[in-house]
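Structural features, examined
Below, each chain spelled out in residue letters.
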Amino acid sequence: MDMNRLTQKSQEALQEAQTAAVRMGHAEVDGEHLLLAVLDQVDGLIPRLLHQAGTERIVELQFDELRQRLAERRITVELTNAARQVIAHQGYDPVYGARPLRRYLSHEVETLVGRALLRGDVQDGATVRVDAEHAELVVTYDQPEIVKGAKAA
């Protein structure tokens with residue numbers, strides 16, 4: 001393998017895999033050694049992916065609170081994957097972890113939805129969709145269909 005064509009992290013992982021192979025009494029590095037070396041990297045790809053997935057799960061849990069509050073008005077709130085990723089990225093702080101997510105959701109998402117409610121753009125029974133375009137959050141909404149001849153409750 002040409003070490004000059006590998007990134008620094010890849011070189012480190014390969015060296016760790018070679019060390020693991022020798023420690024296990026094997027003459028050559030195989031896929032298992034390399035996988036173990038990659039998983040052991042504290043700042044490597046795998047920990048970053050696991051961190052992102054964990055943060056996105058926290059976003060979903062925090063978003064459920066907004067869903068519950070708006071359910072009283074029969075308003076459904078949908079969160080797209082793109083929006084979930086933007087919120088997880090923007091609301092995460094390396095020093096404080098996922099703690100700033102609640103404030104970010106309140107400041108960014110709830111403000112956008114709240115303004116639409118105050119303007120009267122969103123009626124009871126509507127569906128509010130939080131999406132992301134070009135790493136910016138966008139709120140759209142679909143109004144409920146009003147059946148002609150139906151009496152208002």
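Now for a look at the structure at hand. Model, not experiment: these values are computed from the prediction.

What the chain contains, in helices and strands, is five helices and three strands. Reading the chain from its N end, one meets helices and strands in the order α-α-α-β-α-α-β-β. Taken across its 153 residues, the chain has 29% of its residues classed as buried. Once local pairs closer than 6 in sequence are excluded, the contacts in the chain between residues at least 24 apart make up 51%.

Counting 25 residues, the largest nonpolar core has Phe-63, Ile-87, Val-109, Val-130 and Leu-137 as its most contacted members. Of all the secondary structure elements, the ones that give two or more residues to this core are helix H3 (45-71), strand S1 (76-79), helix H4 (81-91), helix H5 (101-119), strand S2 (127-133) and strand S3 (136-142). Setting aside its immediate chain neighbours within four residues, Val-109 contacts Phe-63, Leu-66, Ile-87, Tyr-104, Val-130 and Leu-137.

Turning our attention to the sheet that holds S2. Read across the sheet, three strands follow the order S1-S2-S3 without closing on themselves; strand pairing throughout is mixed. The sheet is open, and its two borders are formed by S1 and S3, each paired with just one other strand. Taken over all neighbouring pairs, the strand axes of this sheet differ in orientation by 25° on average, direction set aside. Where S2 meets S3, seven bridges bridge the pair, whose relative direction is antiparallel. Each residue of the ladder has a partner; that of Asp-131, found in S3, is Val-138. Sitting on the sheet, H4 touches S1, S2 and S3, and the angle it makes with S2 is about 65°. Relative to S3, H5 is tilted by about 35°, and along the sheet it contacts S2 and S3.

Another aspect to go through is the packing of H4 against H5. Between H4 and H5, the least distance of the axes is 9 Å, while the angle of their chain directions is 120°. Of the possible angle classes, the one that applies to H4 and H5 is oblique. The element H4 and its partner H5 pack so that their crossing is right-handed. Residues Val-86, Ile-87, Ala-88, Gln-90 and Gly-91 of H4 touch H5, and the partners they reach there are Leu-101, Tyr-104, Leu-105 and Val-109.

On to unusual backbone geometry. Positioned with a positive phi, Arg-74 is a non-glycine residue whose angle comes to about 60°. Turning to its location among the elements, Arg-74 is positioned in the loop between H3 and S1. Judged by relative accessible area, Arg-74 falls into the exposed class, the value being 57%. A positive phi is found at Ala-135, a non-glycine position, where the angle reads about 65°. Residue placement: Ala-135 occurs in the loop between S2 and S3.

The pairing of S1 with S2 spans four bridges and is classified as parallel. Across the sheet, residue Leu-79 finds its bridge partner in S2, namely Val-130. In sequence, S2 turns back onto S3 through a hairpin of two residues, with His-134 there showing a positive phi of about 55°.

The next subject is the pattern of salt bridges. Taken as a whole and judged by the stated rule, the model has nine salt bridges. Between Asp-121 and Arg-119 there is a salt bridge, and its shortest N-O distance comes to 2.6 Å. On the basis of relative accessible area, Asp-121 is assigned to the partly exposed category, the value being 25%. Judged by relative accessible area, Arg-119 falls into the exposed class, the value being 55%. Several salt bridges share partner residues, and in doing so they unite Glu-60, Asp-64, Arg-67 and Arg-84 into one network.

What counts and what doesn't
- Residues numbered from 1 in each chain as written.
- Predicted model: local features only at pLDDT ≥ 70, side-chain atom pairs only at ≥ 80, totals over all residues.
- Heavy atoms only, no water.
- Helix = DSSP H or I, 4+ residues; strand = E, 2+ residues; numbered from the N terminus.
- Buried < 20%, exposed > 50% of the residue type's maximum accessible area, 1.4 Å probe, protein only.
- Contact = heavy atoms within 4.5 Å.
- Core = buried A, V, L, I, M, F, W, Y, C linked by side-chain atoms within 4.5 Å.
- Pairing = 2+ DSSP bridges.
- Axes fitted to C-alpha atoms, helices over the stretch in contact; angles between N-to-C directions.
- Parallel < 35°, antiparallel > 145°, perpendicular 65-115°, else oblique.
- Left-handed = near helix turned anticlockwise from the far one by under 90°.
- Salt bridge = Lys/Arg side-chain N within 4 Å of Asp/Glu carboxyl O.

In short, the description is geometric, and any link to function would need to be established separately.
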